[in-house]
Amino acid sequence: MSYIAFILIAVVSYLLGSLNFGVILSNHVKKDDVRNHGSGNAGTTNMLRNYGKGIALMTIIGDMLKVFIAIAVAFLIVRYTPALLGSTGEISLQSLDANMFIKSLAGFFCVLGHIFPCYFRFKGGKGVATAGGMVFAIDWRIALILLAVFIIIVAVTKYVSLGSIIMAILYPVFIYIFHRSIVLTVIAAVFTVVVIAAHKENIKKLIHHTESKIDFKSKKKDK
C-alpha cells in the first residue's frame with residue numbers, strides 16, 4: 001500500500017466518521033442539539049435518555065453504518081490509487097494481514113472522527129457504536145465476545161460507560177489472542193487509549209459513584 005493511499009484512507013475515514021448521527025438526527029428530527037442535554041454527549045445513550053428508543057436506534061445504525069462505508073472506501077482507495085497516482089513509496093504489509101490492517105486503519109480514523117467531528121466543532125460522541133461496527137468488520141468473533149461482555153456488565157451494573165470501557169480494554173487483548181500480530185495489537189491499543197480518553201469524565205464519575213445509570217423501563221417517548 002502506498003503512503004498516498006494511507007493518507008487518503010485516514011482523511012476520508014475521518015471525514016466519514018465526523019458525520020455524527022446523534023447531532024444530525026437531533027438537529028433535523030428534533031430541531032434540537034442533544035449535546036445541550038444530559039451528559040452533553042452526542043451518542044446513543046444520551047439520545048436514548050433524551051429522545052427515546054426510536055431515534056436512539058437510528059443513531060446507532062447510522063454510526064455503525066458509516067464505519068462499514070469507510071472500510072469499503074478504504075479498499076477502493078488501495079485498489080485504485082496506484083493506477084491514478086503511481087507509486088509514491090510503499091508500506092510493507094507482508095508481516096501481517098493486509099485486509100486487517102486496512103480495516104483497522106479506516107476504523108480507527110472513523111472512530112476518531114466520531115469523537116472529534118470537524119463538522120460539529122470537534123464535539124461528538126464517545127465512539128462506542130462506531131467502534132462496535134469497526135470490530136464487527138474486523139473480526140465478528142471478537143465483536144460477539146465483546147458484545148456479550150458489554151451486555152453482561154450493563155445488565156449487572158446499569159453503567160453503559162463501564163461496559164464500553166471494559167470492551168475497549170479487552171479489544172487489543174483479543175486482537176492479539178486471535179491474530180498474534182504485534183502491529184494490529186498496537187493499532188488496537190491506540191484505539192483503546194482514544195476511547196478511554198473520551199470516557200475520562202465517566203471514569204471520574206464512576207470512581208466517585210456519581211455516574212448515571214441506564215434505565216430501560218422509564219424512557220421518554222418519541223415525539
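Reference entry: report on the structure contained in this document. Keep in mind that what you see is a predicted model, and the values were worked out from it rather than measured. (Residues numbered from 1 in each chain as written. Predicted model: local features only at pLDDT ≥ 70, side-chain atom pairs only at ≥ 80, totals over all residues. Heavy atoms only, no water.)

Notes on unusual backbone geometry
So, point 1. Residue R121 is not a glycine yet carries a positive backbone phi of 55°.
So, point 2. By the element assignment, R121 lies in the loop between α5 (98-115) and α6 (128-138).
So, point 3. Residues other than glycine seldom take positive phi values, yet H209 does so here, at roughly 60°.
So, point 4. The exposure class assigned to H209 is exposed, which follows from its relative accessible area of 68%. (Helix = DSSP H or I, 4+ residues; strand = E, 2+ residues; numbered from the N terminus. Buried < 20%, exposed > 50% of the residue type's maximum accessible area, 1.4 Å probe, protein only.)

Let's talk about a nonpolar patch on the surface
So, point 1. The grouping of L65, F68, I69, F136, W140, L144, L147 and I151 at the surface amounts to a nonpolar patch, some 750 Å² of accessible area in total.
So, point 2. Of all the secondary-structure elements, those providing two or more residues to the nonpolar patch are α4 (53-85) and α7 (140-157).
So, point 3. With four residues, α7 is the largest single contributor of residues to the nonpolar patch.
So, point 4. Tracing the backbone shows F68 in helix α4.
So, point 5. Owing to a relative accessible area of 37%, F68 belongs among the partly exposed residues under this scheme. (Patch = residues over 30% accessible without salt bridge, like charges linked within 9 Å, V, L, I, M, F, W, Y side chains within 5 Å. Areas by Shrake-Rupley, 256 points an atom, 1.4 Å probe, with all protein chains shown as cover. Salt bridge = Lys/Arg side-chain N within 4 Å of Asp/Glu carboxyl O.)

Examining the environment of A148
So, point 1. Looking at the element boundaries, A148 is found in helix α7.
So, point 2. The spacing of A148 and M167 is 19 residues in sequence and 9.6 Å in space, taken between C-alpha atoms.

Quick look at the pattern of salt bridges
So, point 1. All chains considered together, the criterion is met by four salt bridges.
So, point 2. One salt bridge connects R35 with D33, and the closest N-O pair in it is separated by 2.9 Å.
So, point 3. Relative accessible area serves as the criterion here: at 12%, D33 is assigned to the buried category.
So, point 4. Here D63 and K66 are joined by a salt bridge, their closest N and O atoms 3.3 Å apart. Taken as a pair, D63 and K66 lie in helix α4 at a separation of three residues, close to a single helical turn. Across the pair, exposure class does not vary: D63 and K66 are buried alike.

Topic: the nonpolar core
So, point 1. Ranked by size, the top nonpolar core spans 51 residues in total, and within it M134, Y171, I175 and F191 carry the most contacts.
So, point 2. Counting residues per element, this core draws most heavily on α5, which supplies nine residues.
So, point 3. Beyond its immediate chain neighbours, meaning those up to four positions away, M134 contacts V67, G107, F108, V111, Y171 and F191. (Core = buried A, V, L, I, M, F, W, Y, C linked by side-chain atoms within 4.5 Å. Contact = heavy atoms within 4.5 Å.)

Remarks on the side chain of N41
So, point 1. Secondary-structure assignment places N41 in the loop between α2 (21-28) and α3 (44-51).
So, point 2. Beyond its immediate sequence surroundings of up to four residues, N41 is in contact with V34, R35, N46, G124, G125 and K126.

Quick notes on the packing of helix α9 (residues 182-198) against helix α10 (residues 200-207)
So, point 1. In contact at an axis separation of 4 Å, α9 and α10 are set at 60° when each is read in the N-to-C sense. Judged by residue contacts, I196, A197 and A198 of α9 engage K200, N202 and I203 from α10.
So, point 2. Tallied by class, the residues present in the contact of α9 with α10 amount to four nonpolar, one polar and one charged. (Axes fitted to C-alpha atoms, helices over the stretch in contact; angles between N-to-C directions. Nonpolar A, V, L, I, M, F, W, Y, C, P; charged D, E, K, R; others polar.)

Notes on the packing of α5 against α6
So, point 1. It is the contact of α5 with α6, at a shortest axis distance of 9 Å, that shows an interaxial angle of 175°. Between α5 and α6, the angle falls in the class roughly antiparallel. Listed contacts from α6 to M100, K103, S104, G107, F108, C110, V111 and H114 of α5 are T130, A131, M134, A137 and I138.
So, point 2. When its residues are assigned to classes, the contact of α5 with α6 shows eight nonpolar, four polar and one charged. (Parallel < 35°, antiparallel > 145°, perpendicular 65-115°, else oblique.)

Topic: the packing of aromatic side chains
So, point 1. Across all of its chains, the model carries five aromatic pairs by this definition.
So, point 2. For the ring pair F108 and F109, a centre distance of 5.2 Å and an interplane angle of 85° mean the geometry is edge-to-face.
So, point 3. Ring plane angle 50° and centroid distance 6.4 Å describe the contact between F174 and F178, whose orientation is recorded as tilted. Taken together, the residues span about one helical turn, with F174 and F178 both in helix α8 (residues 160-179) at a distance of four residues.
So, point 4. A residue is classified by how much of its surface remains accessible, and F174, at 18% relative accessible area, is buried. (Phe/Tyr/Trp six-rings, centres within 6.5 Å; stacked < 30°, edge-to-face > 60°.)

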